[in-house]
Amino acid sequence: MVTLRLDDIGASYGRKLLVQGVTTPAFTCGEVVAVIGPNAAGKSTLFKRIAGLLRGPGQVHIEGVKQEQDAVCYMPQDTSANSVLTVYESILLARKQGSSWSVGDDDLKYIDETMDALGISGIAFKNIGELSGGQRQLASLAQSLVREPDILLMDEPTSALDLSRQMEVLTHVRSLARLRGMVVLIALHDLNHALRFADQTLVIANGQMITCGPSSEVITSALLREVYHVEARIEPCSRGLGQVIVDSVAEKGKTFTRLAAESCSQGA
Ligand SMILES: Nc1ncnc2c1ncn2[C@@H]1O[C@H](COP(=O)(O)OP(=O)(O)OP(=O)(O)O)[C@@H](O)[C@H]1O
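The chain goes by ABC transporter domain-containing protein in an unreviewed UniProt entry, where it is assigned to Litchfieldella anticariensis.

If you want it as structure tokens, here you go:
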């Protein structure tokens, strides 16, 4: 069984530690973990440390993986690329990275299925450099998924996608996590997505972990006030899921300003 556990993790770009003291319970296969926090909190930095792209103190404990070398896949936030490859070629290359160059029927089938699930079969032979922002994000997502990692770190994977694509992608990733026994960490700004799709939520602010636990227990009015400086309610929708409704935003000096009525229903 694949598990990921962080033990007093820190990370730095130079000498200064930008993330420190992140300790989590063991995340197990099939679990989706949302990583939330304000801009510049340290979410990407934490992901890069877990992926081995940055150094720092502490231990990343990974167990039960097929092959240690390809166990972790990091999908970066910035998917801009000026490649001369087509979408299909880039996905094939990602699939074969680190393994033999012979391409089997199983490789082609898996790529086709992945592109189909993400709705990008129609742009298979478009050049990567000619894609829209959302198409590029979907191609990048496909490149990550076809590697079939045990641990997938996705940095704001839906930030460029329209509403239906956001839902399709997050639903697909969650069912893949269950089906293939992956541990998936997703950095998100949309807290309603965290409540809907993530089993657990890890909150980070100013480079430090604030809390980690079941999403519905972690995302509370008190947490949103402390971390995001907003007055908000978590109201159950008709299907029982929590929805974040922001009533007011703190200005400098922590005075809360009530939002206009028409914007109150838009959530976080
Ligand atoms: N290459 C870099 N060199 C030096 N500092 C960096 C570098 N990249 C990020 N930082 C700093 O690290 C801190 C954390 O940034 P990080 O990108 O991890 O935040 P984040 O939580 O992912 O933010 P966002 O939600 O805005 O994407 C910030 O203060 C940022 O300025």
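Having seen the structure, we can now continue with the description.
Caption draft 1: Representation of the overall build of the chain in the model. Tallying secondary structure elements over the chain gives 9 helices and 14 strands in all. The principal-axis extent of the C-alpha atoms belonging to the chain is close to 60 × 45 × 35 Å. Looking at the 268 residues of the chain, the share that counts as buried comes to 35%. Taking contacts inside the chain between residues at least 6 apart in sequence as the whole, the part at least 24 apart equals 63%.

Caption draft 2: Up close: the site of the ligand. Every residue close to the ligand is listed here: Tyr13, Leu18, Gly37, Asn39, Ala40, Ala41, Gly42, Lys43, Ser44, Thr45 and Gln77. With 3 residues, the top contributor of residues to the shell around the ligand is helix H1 (residues 43-50). Across the shell around the ligand, the residue classes tally to 4 nonpolar, 6 polar and 1 charged.

Caption draft 3: Helix H2 (residues 87-96), seen in detail. Residues of H2 that are buried: Val87, Tyr88, Ile91 and Arg95. In a view along the axis of H2, the buried residues occupy a sector of 95°, so they form one face of it. Where the residues of H2 are buried, they touch helix H3 (105-117) and helix H4 (133-145).

Caption draft 4: Representation of the pairing of strand E1 (residues 3-7) in the model. Along E1, the buried face is formed by Leu4 and Leu6; none of Thr3, Arg5 and Asp7, which line the opposite face, is buried. Both E1 and strand E4 (residues 27-28) contribute to a ladder of 2 bridges, which runs antiparallel. From the neighbouring strand, threonine 3 faces E4, where its bridge partner is threonine 28. By the bridge criterion, 5 bridges tie E1 to strand E6 (residues 59-63) in an arrangement that is antiparallel. Among the inter-strand pairings, arginine 5 is bridged to a residue of E6, identified as histidine 61.

Caption draft 5: Spotlight on the sheet that holds E4. The 3 strands are arranged E4-E1-E6 in an open sheet whose pairing can be described as antiparallel. Every other strand in the sheet has two partners, leaving E4 and E6 as the edge strands with one partner each.

Caption draft 6: Local environment of the domain arrangement of the chain. Splitting the chain by domain gives domain 1 (1-71 + 149-219), domain 2 (78-147) and domain 3 (220-268). For domain 1 and domain 3, the distance between their C-alpha centroids amounts to 24 Å. With 13 residues of domain 1 at the interface, the matching set in domain 3 holds 11 residues. When contributions to the side of domain 1 that touches domain 3 are tallied by element, the ones reaching two or more residues are helix H6 (191-197), strand E10 (200-205) and helix H7 (215-218). The element contributing the most residues to the side of domain 1 that touches domain 3 is H6, with 4 residues. By residue class, the composition of the side of domain 1 that touches domain 3 is 8 nonpolar, 3 polar and 2 charged.

Caption draft 7: Spotlight on the packing of H2 against H4. H4 packs onto H2 with a crossing angle of 25° between their chain directions and a minimal axis gap of 8 Å. If you check the angle between H2 and H4, you find them roughly parallel. The chirality of how H2 crosses H4 is right-handed. Between H2 and H4, the residues in contact are Val87, Ser90, Ile91 and Ala94 and Ala139, Ala142 and Gln143, respectively. Classifying every residue of the contact of H2 with H4 gives 5 nonpolar, 2 polar and no charged.

Rules used in this analysis
- Residues numbered from 1 in each chain as written.
- Predicted model: local features only at pLDDT ≥ 70, side-chain atom pairs only at ≥ 80, totals over all residues.
- Helix = DSSP H or I, 4+ residues; strand = E, 2+ residues; numbered from the N terminus.
- Buried ≥ 20, exposed ≤ 12 C-beta atoms within 10 Å, placed from the backbone.
- Contact = placed C-beta atoms within 7 Å.
- Near = placed C-beta within 6 Å.
- Nonpolar A, V, L, I, M, F, W, Y, C, P; charged D, E, K, R; others polar.
- Arc of directions from axis to C-beta.
- Pairing = 2+ DSSP bridges.
- Domains from an automatic or database assignment.
- Axes fitted to C-alpha atoms, helices over the stretch in contact; angles between N-to-C directions.
- Parallel < 35°, antiparallel > 145°, perpendicular 65-115°, else oblique.
- Left-handed = near helix turned anticlockwise from the far one by under 90°.

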